[in-house]
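Listed below, chain by chain, are the residues.
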Amino acid sequence: MLLYEGKDSFLEEIVDFKKAKYVLLPVPMDITTTYLKGTKFGPRSIIEASRSLENYDSELDFEVKDVIFTSGELEIPPDATKAIDVIKSTVSDVLLEKKFPVLVGGEHTITYGASLAFGEDVVFVIFDAHADFKKDVLGSPINHASNSRLINKRNKVILVGTRSLSQEDKKDLEKSKIPIFRAQDYGGLKTNLSELKNLIKDKRVYISIDMDVFDPSLVPGVGTPQPGGILYETMLDYLKVIIGSGDLVGFDVNEVRPLGENNVTEILAAKLIVDLIALRETN
Ligand SMILES: [Mn+2]
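Conventions adopted
- Residues numbered from 1 in each chain as written.
- Predicted model: local features only at pLDDT ≥ 70, side-chain atom pairs only at ≥ 80, totals over all residues.
- Heavy atoms only, no water.
- Core = buried A, V, L, I, M, F, W, Y, C linked by side-chain atoms within 4.5 Å.
- Buried < 20%, exposed > 50% of the residue type's maximum accessible area, 1.4 Å probe, protein only.
- Helix = DSSP H or I, 4+ residues; strand = E, 2+ residues; numbered from the N terminus.
- Contact = heavy atoms within 4.5 Å.
- Phe/Tyr/Trp six-rings, centres within 6.5 Å; stacked < 30°, edge-to-face > 60°.
- Lys NZ or Arg CZ within 6 Å of the ring centre and 35° of its normal.
- Salt bridge = Lys/Arg side-chain N within 4 Å of Asp/Glu carboxyl O.
- Donors = N, O, S within 2.8 Å, 3.2 Å for Na, K, Ca; no water.
- Pairing = 2+ DSSP bridges.
- Axes fitted to C-alpha atoms, helices over the stretch in contact; angles between N-to-C directions.

(A) Focus on the nonpolar core. Core analysis: the biggest nonpolar cluster contains 56 residues, and F10, F127, I207, I209, M211, F214 and I273 have the highest contact counts within it. Sort the elements by how many residues they give to this core and helix 8 (residues 264-282) lands first, with 10 residues. Apart from residues no more than four positions distant in its own chain, F127 is found in contact with H108, V160, I207, S208, I209, D210, V213, I230, M235, Y238, L239 and I242. Grouped together as the second largest cluster of nonpolar side chains are 35 residues, A83, Y112, F118 and I126 included.

Here you go:
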């Protein structure tokens, strides 16, 4: 299952599986995206971009070295339900090996697949411009626009950076009592961060980052861009609070759609992976 591909390793590091703490899983799923296709090229592009980064994380004064094993790309069947099963069983295998899973997408639906490998006690903090709370899209209940709704059936969901939803979604979110930290409400306000802190204090937490949570001026290479997003520094503020008060058990970075020449989206995604690991290691 975990085929080693040295030529495609994250940060250009070849790390022995037994010694690694983190297993990076490239998940090139791009089945249910509705607008711009191309997220299946995200994982490879993020791994390539990571090779231009330093192992040393200067923001956090920590060197991410010899801890990440890079798996070969998961083989994703064309059927969404089967694809979810593959992701679930792969993440379960990583957890059985007592390793920490890091998923790189691919469409956002990969988070739903990953969620099924964890216990129901794990809280999912989902960074996303979109609420992803659609009941079904084009007659299919499994869709990247229904990711949060699907996860919320088993696990508690908290949305951060959200700014795109319908009135129906809004009502459903209120009915389901989903806490939302909207992009427009963030002003570095301590109240915002302390509210989030209280919600996840001492809980097991999974972080999912849909890259469209960022402002499209920073991150243009996504499938469904949305104006008014958060900045990189804001993301770090949120991540510090989450990792500082909860117990991080897994994370993913998803919805990167490579644009070719302009690779800043992939660079930011790769740096986020380094940041998340550095934050967890220094916590
Ligand atoms: Mn989104």
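(B) Broad picture of the packing of aromatic side chains. Counted by the stated rule, this structure contains 7 aromatic pairs. Seen in terms of ring centroids, F118 and Y206 are 5.5 Å apart; in terms of plane orientation they differ by 70 degrees. Their pairing is edge-to-face. Taken together, the positions of F118 in the loop between helix 3 (110-115) and strand 6 (123-127) and Y206 in strand 9 (residues 204-210) put the pair 88 residues apart, joining distant regions of the chain. Accessibility expressed as a relative area gives 5% for F118, which makes it buried. For Y206, a relative accessible area of 0% gives the class buried. The structure contains a cluster of three or more aromatic residues connected by ring pairs, namely Y22, F100 and F251. Directly above the ring of F17 sits K99, whose terminal nitrogen or CZ lies 5.2 Å from the centroid.

(C) Main features of the pattern of salt bridges. Evaluation of the coordinates by the stated rule reveals 14 salt bridges. The partner of R149 in a salt bridge is D172, with the nearest N and O atoms 2.9 Å apart. Of this pair, R149 sits in helix 4 (residues 147-152) while D172 is found in helix 5 (residues 167-175), placing the two residues 23 residues apart along the sequence. Residue E174 pairs with K170 through a salt bridge whose shortest N-O separation is 3.6 Å. On the criterion of helical spacing, the pair formed by E174 and K170 is a turn pair, its members being 4 residues apart in helix 5. You can call K170 partly exposed: its relative accessible area is 47%. Through salt bridges with shared partners, a single network forms among D57, E59, K271 and D275.

(D) The arrangement of the coordination of the manganese ion in detail. Here the manganese ion is held by D128 (OD), H130 (ND1), D210 (OD) and D212 (OD), and the distances to it run 2.2 to 2.3 Å. In this structure D212 comes out as buried when scored by relative accessible area, which is 2%.

(E) Representation of the sheet that holds strand 9 in the model. One open sheet accounts for 8 strands, arranged 4-1-5-10-9-6-7-8; its pairing is parallel. With partners counted over all chains shown, the strands left at the sheet margins are strand 4 (68-70) and strand 8 (180-182), one partner each. Looking at each pair of strands side by side, their axes are set apart by 20 degrees on average, direction ignored. Where strand 9 lies against strand 10 (residues 247-254), 7 bridges are found, and the strand directions are parallel. Bridged to I207 within strand 10 is F251.

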